[in-house]
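# Topology and contacts: notes
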Amino acid sequence: VLSCLAMLTLFYWEETRTLPLPISRVHGEVAKIGGLEDCAQCHGSADVDMPSACMECHPEIREDIATPRGFHGLVVEQTGERCAQCHAEHAGPEFALVSAHSFSLAGFATREEFEHPWPEYDLDGAHLDIACEECHALADAQLLADGEQRFRGLSRDCASCHDDSPHQGQMERSCVSCHGQSQSFLEVPEFEHDERFPLVGIHDIQVCADCHERETATSIEHHASLPQKPAVRACDECHEAPHRAEFLEPLEKEPASAFTEQHQSACANCHRLEDDSWQSANANFEGWRHAASGFPLDGPHLEQACGECHDPQLDWDERYPGRARQDCAKCHENPHGEQFASNSNYPACFDCHGTGRFVPALFDEEQHRNTEFALIESHLGVGCLTCHEASAEEHIDRAWNALDQACHTCHEDGHDGYFLNLAGTLPTPAPQEDCDHCHNSTEFGHPSTDETFDHTQWTTFPLNDEHAEIACDTCHARQPRTELGRSFGKVEDVFGSLPTKEQPCLVCHQDPHDERILQSAPDPWQDKHGCARCHDEQSFRNASEAGFDHELWTKRELQGAHLALECQACHGRTPNSDALGRSFGRPAQIFGEDLARCDTCHLDIHDGVFERDPELQQIEGRQGCVRCHGEERFIGSLLMEFDHDTWTQTDLESGHSQQDCQACHPRVLAPSVDSRLRSPARGRECLDCHQDPHLGQFRESTRSTCRDCHGDQTDWTALTFDHDLDSVYALDQIHLDVDCTKCHPAVTFSNGVQAVRYKPLPMECADCHKAPGEDP
């Protein structure tokens, strides 16, 4: 009763502001709560009305009304600021300002019939069945603590109540703008694809994520974050086109390439949106579209069903392999194998054959000119099968392409392969390597390049100087024309063989040096071979004498006095050249063959004395005269001390060693013809210099030399004679004491010279001893 009286009093006072409120208990409680002392603070005054007084304690309501926002903002616009219309006066702590009566005063029979009246958050669909307390947790609370709100303070954002993990707060639009409130979250009944990409036909899908996969560049969240909306999307942005660009390019130019006014796509020429499958494109695939694939249907192909070429049992890649028009062999057996697979001006079957039938081929002379072998002149009259032979059936395994175009493949080579073998060794760029370099196709027997034939390049034998003036038939003698049309003779027919790089001259010319230079000197020398190392082709007599290395070319080093000699001193000039043009004499013709020996050119003043001992033929690597003499000055000896015994086989260890050299080798008054300054010794035997005191008694004895008996020449009286061994008469005991002169007396010989008699002597006893009575 007290509460009702308070409400009526408040209502009445709000209307009249004249009726006092004599209920001390209410004011006392209010004063306790709010600490109010001025009545005008709640009830207004002459300057402050009641609603303004309410706002003093409820500023958030004032803000809602001013915005306007929320329930109060909307209601105030309709009813004005009349708080008492819905709210009674405070009646103590247990008194609720919002009650069922409040909703009734606001125009709703019950709280459950209350409708959210603002358009920003209109309850619809699934939200209509939700109880108030499911969103407003304090809707049924009797009293609110400080800071708590019964209905205010909730966000209108869906994510404030619902999990936004799918979009993670990346959406600019509200959830309701796409999902609404009536259907499942996975459905977007409120969102419509605009004209940029209408969802029609097979694109009329129900689940957005089927196209807009999460965490991709096409995801819904990615599009929501873009500053500008994406442009129209083409088919290839989502679908991988299995077609080649060559196939798609002509289709993109066709008017039928649009499936909507805004969306252009070449795919729409064959694939319709209303079809159930992309494979349904075959129904729309007309002839002109097949031509866009690079394979126009004409001739026999017009009569073929699609399945005959595109097996429906195969996968798409195998069913439509992208065959080109020239890929006839993909379906048809190729009788030519791989002949036209490469290096051909006519790789496609249709280049030579018609579309109606394969035989006969439509290949004429004009097309043959576009091959690597044009038919000209005499070849025009040759039948095709003459050159293109078959190994089996007609046209099967027949060689049509990549034939050897060399003349010698079909024609016998009149040069026996000489130029063919040489062509591979020519420096690049080489001239033509076949017969057509010299011959034409009109008449093979007459070379077309007699005047321009490069003799150097094609024979490796340059014609320079004198050779350039020689007529061709000098080396290539004319002959009766052979079966091959050859009348120009070969060099080997005249000279026996061909000149070579290593031996270019001596095939045709005789060597005036008898191959001495060829065998001794290096070849090549200074990049020149054979005679060209010294001679030119202008005149053979013009030998290059300047800088001639005598040792290199003759194996004979010129040293000392030899360097001062003129060449003709050893190589005497002849007044007239010989048959080989030689006027420069050979030393061998003058002095002898063994030019390594001094005595070949010079007289041996020692008469071969020093050549008798084989062990002395070489001294410190030197042979001949150089063992003792040098080439600077022949008189000077290379031997510091002449070993007389070694070189003369004469022992000078006796009295002879005390003699001066000229005692046996006296100086001559003037040098002789052989430049000898000392006379040779009379001999090596004693009797060559000394008189024989025995008058030749021992010439035929085993002791034929003086030293056999006399030994050391210092004392000629000392004998090394053993009568028992060195004579034929052994001395017995009786004769040992006999004086030598008893048996060997001095006698006068027939020439009147007196000498001791040694032999012959009688050796019988009676020859010396007389019988008794005989004269002694």
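Since the structure is predicted, the reported quantities are computational estimates derived from the model, not experimental observations. (Residues numbered from 1 in each chain as written. Predicted model: local features only at pLDDT ≥ 70, side-chain atom pairs only at ≥ 80, totals over all residues. Heavy atoms only, no water.)

### Structural notes on the overall build of the protein
Note the following rule: Secondary structure counts use DSSP, requiring at least four H or I residues in a row for a helix and at least two E residues in a row for a strand, with both numbered from the N terminus. Between buried and exposed lies partly exposed: a residue is buried under 20% and exposed over 50% of the maximum accessible area for its type, with that area taken using a 1.4 Å probe on protein chains only. Here, Shrake-Rupley sampling with a 1.4 Å probe gives the accessible areas, and only protein chains in the shown set may cover a residue.
Within the protein, the regular secondary structure consists of 32 helices and 4 strands. Within the protein, the proportion of its 776 residues that are buried is 24%. Surface exposure of the protein reaches about 53,400 Å², of which carbon and sulfur atoms provide 53%.

### Side note on the packing of aromatic side chains
What counts, and what does not: Here a Phe, Tyr or Trp ring, Trp counted by its six-membered ring, pairs with any other such ring whose centre lies within 6.5 Å, and the pair is stacked when the planes are under 30 degrees apart, edge-to-face when over 60, and tilted otherwise.
Considering all chains together, one arrives at 2 aromatic pairs under this definition. Arranged with centres 5.9 Å apart and planes meeting at 45 degrees, the rings of Phe698 and Tyr758 form a pair that is tilted. Residue Phe698 is found in the loop between helix H28 (686-689) and helix H29 (707-710), and its partner Tyr758 is found in the loop between strand S4 (754-756) and helix H32 (765-768); the two are separated by 60 residues along the sequence.

### Concerning empty space enclosed by the protein
Test applied: Detection works on a 1 Å grid of protein atoms alone, calling trapped sets that fit a 1.4 Å probe cavities and calling open sets with protein on both sides within 12 Å along at least five of seven lines pockets, with lining residues defined by an atom within 4 Å of a point. Grid points are joined across faces, edges and corners, and a volume is the space filled by probe spheres set on the points. Side-chain classes are defined by residue name, with Ala, Val, Leu, Ile, Met, Phe, Trp, Tyr, Cys and Pro counting as nonpolar, Asp, Glu, Lys and Arg as charged, and the others, Gly among them, as polar.
The tally for this structure, following the rule as stated, stands at 2 cavities of 30 Å³ or more. There is about 40 Å³ of room inside the largest cavity. Contributing to the lining of the largest cavity are Val609, Phe610, Glu611, Arg612, Asp613, Leu616, Thr646, Trp647, Thr648 and Gln649. Split by residue class, the lining of the largest cavity holds 4 nonpolar, 3 polar and 3 charged.

### Let's talk about the environment of Gly581
Within the secondary structure, Gly581 sits in the loop between helix H24 (567-570) and helix H25 (587-590). Considering only alpha carbons, one finds Gly581 and Phe540, 41 residues apart in sequence, at a separation of 7.8 Å.

### Observations concerning the side chain of His127
Filter applied, for reference: Here a polar contact is recorded for every N or O atom pair within 3.5 Å, except that within protein the pair must consist of a potential hydrogen donor and a potential acceptor, and residues adjacent in sequence are included only if both atoms are side-chain atoms.
Summarising the element assignment, His127 is placed in the loop between helix H7 (100-105) and helix H8 (132-135). Among the polar contacts listed, one links the side chain of His127 to the side chain of Gln181, at a separation of 2.5 Å.

### Brief notes about the pattern of salt bridges
The cut-off we apply is this: In what follows, salt bridge is the name for a side-chain nitrogen of Lys or Arg lying within 4 Å of a carboxyl oxygen of Asp or Glu.
This model, assessed by the stated rule, comprises 8 salt bridges. Linking Arg152 and Asp64 is a salt bridge whose minimum nitrogen-to-oxygen distance equals 2.6 Å. Taken together, the residues Arg152 in the loop between H8 and helix H9 (175-179) and Asp64 in helix H5 (residues 59-66) connect sequence positions 88 residues apart. Salt bridges here are not isolated pairs; linked through shared partners, they connect Arg111, Glu133 and Asp140.

### Notes on the environment of His735
Selection rule: We call two residues in contact whenever any of their non-hydrogen atoms come within 4.5 Å of each other.
Mapped onto the fold, His735 is located in the loop between helix H30 (723-726) and helix H31 (740-743). When neighbours within four sequence positions are excluded, His735 is seen to be in contact with Tyr729 and His769.

### Things to note about the state of the cysteines
Basically, it comes down to this: Throughout, a disulfide means two cysteine sulfur atoms within 2.5 Å of one another.
Applying the stated rule across the entire model yields 0 disulfides. Distance from the sulfur of Cys387, which forms no disulfide, to the nearest cysteine sulfur (Cys410) is 4.8 Å. Here Cys387 falls in the partly exposed class, since its relative accessible area comes to 38%. With no disulfide partner, Cys570 has as its closest neighbouring cysteine sulfur the one in Cys601, 5.7 Å distant.

### Description of the packing of helix H4 (residues 50-57) against H5
For any two helices packed against each other, one specifies the inter-axial angle together with the distance between the axes. Here is the rule we go by: Here an axis means a line fitted to C-alpha atoms, over the contact stretch when the element is a helix, while the angle between two N-to-C directions is reported on a 0 to 180 degree scale.
Packing of H4 against H5 leaves a shortest axis separation of 5 Å and a crossing angle of 115 degrees. Of the residues in H5, those touching H4 at Ser52, Met55, Glu56 and Cys57 are Pro59, Ile61, Arg62 and Ile65. Grouping the amino acids of the contact of H4 with H5 by side-chain chemistry returns 5 nonpolar, 1 polar and 2 charged.

### What about unusual backbone geometry?
With an omega of 0 degrees, the peptide bond between Lys759 and Pro760 qualifies as cis. With respect to the helices and strands, the residue Pro760 is situated in the loop between S4 and H32. A positive phi angle, near 55 degrees, is found at Gln526, a position not held by glycine. In this model, Asp527 sits at a positive phi of 65 degrees, which is unusual for a non-glycine residue. When you line up the elements, Asp527 lands in the loop between helix H22 (516-520) and helix H23 (550-554).

### Quick notes on the side chain of Arg319
The line we're drawing: In this tally, Asp and Glu contribute negative charge and Lys and Arg positive charge; neither His nor the terminal groups of the chain are included.
Mapped onto the fold, Arg319 is located in helix H14 (residues 316-319). Asp315 provides the closest opposite charge to the buried, salt-bridge-free Arg319, at an N-O distance of 6.6 Å. A distance of 3.3 Å separates a polar atom in the side chain of Arg319 from the backbone oxygen of Asp311. Not counting residues within four places of it along the chain, the set of residues in contact with Arg319 comprises Gln279, Cys309, His310, Asp311, Pro312 and Leu314.

### Notes on helix H11 (residues 245-252)
For the record, the criterion: Regarding the arc, it is the one traced by the directions from the helix axis to the C-beta atoms.
Regarding H11, the residues found buried are Phe247, Leu248 and Leu251. Projected onto a plane normal to the axis of H11, the buried residues spread over an arc of 90 degrees and lie on a single side. Seen from the open side of H11, the exposed residues pointing more than 90 degrees away from its buried face are Ala245 and Glu246. Looking at the buried residues of H11, the elements they touch are helix H12 (287-292).

### Here's the deal with the confidence of the model for the protein
The line we're drawing: As a per-residue measure, pLDDT tells how confident the predictor is, with possible values from 0 to 100.
On average, residues of the protein carry a pLDDT of 76, and 82% of them reach 70 or more. Considering each helix and strand of the protein separately, the mean pLDDT is smallest for helix H1 (residues 2-16), with a value of 47, and largest for S4, with 89. Confidence drops under a pLDDT of 50 for residues 5-26, and excluding neighbours within four residues, the segment shows 33 contacts in the predicted structure.

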